[in-house]
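Residues per chain, in single letters:
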Amino acid sequence: MAGDPFFQPVSGLDLPRFAGVPTFMRLPYVDFDHPRFKDVTIGLVGAPWDGGTTNRPGPRHGPRQLRDLSTMIRAKNGATWVAPFELQNCADLGDVSPNPADLMDSLARMEAFYDRLRVAGVRPLTGGGDHLCTLPILRGLAKGRKLGLVQFDSHTDLNDCYFGTGKYTHGTPFRRAMEEGLIDPARYVLVGIRGTAYGRDDWDYAAANGIRIIGIEEFHRRGVDDVMAEVREIIGDGETYVTYDIDFVDPTFAPGTGTPEVGGPNSWQALQVARALRGANVVGADLVEVSPPFDQTGNTAWLAVNLMFELLCVMAER
């Protein structure tokens, strides 16, 4: 399958990778008013916002660095030989425009953006941004249906609030999503949870609602293949969203994030879990919490865009 020539990325054999305007994976930039927007099937989106960060800010700068590093991505997956740009019409849809002075307005702006994508039949792949960004994405995509959710993370993000009043932080998005009926708890699984904790409220909430948590000790004991076989059984063939927090990966390989936790998977395992979703009915995905100020080398973003490409291959092939 050749694919639509308009939606092919610029080849490094035609224009050096250090030249040109850096769009996601060197794809064409297509906004809502572009005449080819109606033909887009998978849209890559930037969410440059970290208004939910509770300690070390910086993910608002993630999408720009992700775009820059993504110029190194080529057209075919060297492990699976999936060629996503031949299977689907992929384009960079630009950034959601947040309001850096108003958290609630930013959430509303993001929801409206993804609601528009849902109506147009475009499946989004988002580069964040902190993890609160996933809440308005789910609000925009769910709309009367509950989605399955696969969450690769070192934190549950199922907390209720911070400082007694903070209901909307990067530690609370999935508690809010559950309360709003956006997620089917029977088809919700978290992988890689670890680190020190304030308490067990989030784990108890998960247990009370039938949410499956696979902690890091179980992950390492069982191995990727066995864990991901269970993940696939949990989500089944229903419509599923995938959210990938870069802090799922051990900080040895991905130090550029706001809340790193030691003892995580290596970069090879990080790729394996994404590939293991091959064939799943993924209606959207994101890669969040890349924080350039905490990794001047850019290696965290480089790993992150490779993970985005793996998720893109999963979405495109299905």
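Residues numbered from 1 in each chain as written. Predicted model: local features only at pLDDT ≥ 70, side-chain atom pairs only at ≥ 80, totals over all residues. Heavy atoms only, no water.

Helix and strand counts for the protein come out as ten helices and eight strands. Radius of gyration (C-alpha) of the protein: 18 Å, near the 20 Å computed for a compact globule of 318 residues. By residue count, 55% of the 318 residues in the protein fall in the buried class. Once local pairs closer than 6 in sequence are excluded, the contacts in the protein between residues at least 24 apart make up 76%. A total of about 12800 Å² of accessible surface is found on the protein, and carbon and sulfur atoms cover 53% of it. (Helix = DSSP H or I, 4+ residues; strand = E, 2+ residues; numbered from the N terminus. Rg over C-alpha atoms; globule rule 2.2 N^0.38 Å. Buried < 20%, exposed > 50% of the residue type's maximum accessible area, 1.4 Å probe, protein only. Contact = heavy atoms within 4.5 Å. Areas by Shrake-Rupley, 256 points an atom, 1.4 Å probe, with all protein chains shown as cover.)

Before going further, it helps to examine the state of the cysteines. This structure, assessed with the given rule, holds zero disulfides. Of all cysteine sulfurs in the structure, the one in Cys313 sits closest to Cys90, which takes part in no disulfide; the separation is 9.2 Å. (Disulfide = S-S within 2.5 Å.)

Next up on the list: the packing of helix H1 (residues 62–69) against helix H10 (residues 299–317). Remark: H1 packs on H10, axes separated minimally by 9 Å, with the N-to-C direction vectors making an angle of 75°. Regarding the angle of H1 to H10, the classification is roughly perpendicular. Across the interface between the two elements, Gln65, Leu66 and Leu69 of H1 pack against Ala301, Trp302, Ala304, Val305 and Met308 of H10. Classifying every residue of the contact of H1 with H10 by side-chain character gives seven nonpolar, one polar and no charged. (Axes fitted to C-alpha atoms, helices over the stretch in contact; angles between N-to-C directions. Parallel < 35°, antiparallel > 145°, perpendicular 65-115°, else oblique. Nonpolar A, V, L, I, M, F, W, Y, C, P; charged D, E, K, R; others polar.)

Moving on, we get to the packing of aromatic side chains. Tallied over the entire structure, the rule returns ten aromatic pairs. Ring plane angle 90° and centroid distance 5.0 Å describe the contact between Phe6 and Phe7, whose orientation is recorded as edge-to-face. Owing to a relative accessible area of 30%, Phe6 belongs among the partly exposed residues under this scheme. Put simply, the rings of Phe32, Phe37, Phe113 and Tyr114 touch in pairs and so form one group of aromatic residues. Over the ring of Phe32 we find Arg116, and its NZ or CZ is 4.1 Å from the ring centre. Stacked on the ring of Tyr205, the Lys or Arg Arg175 has its end atom at 3.9 Å from the ring centre. (Phe/Tyr/Trp six-rings, centres within 6.5 Å; stacked < 30°, edge-to-face > 60°. Lys NZ or Arg CZ within 6 Å of the ring centre and 35° of its normal.)

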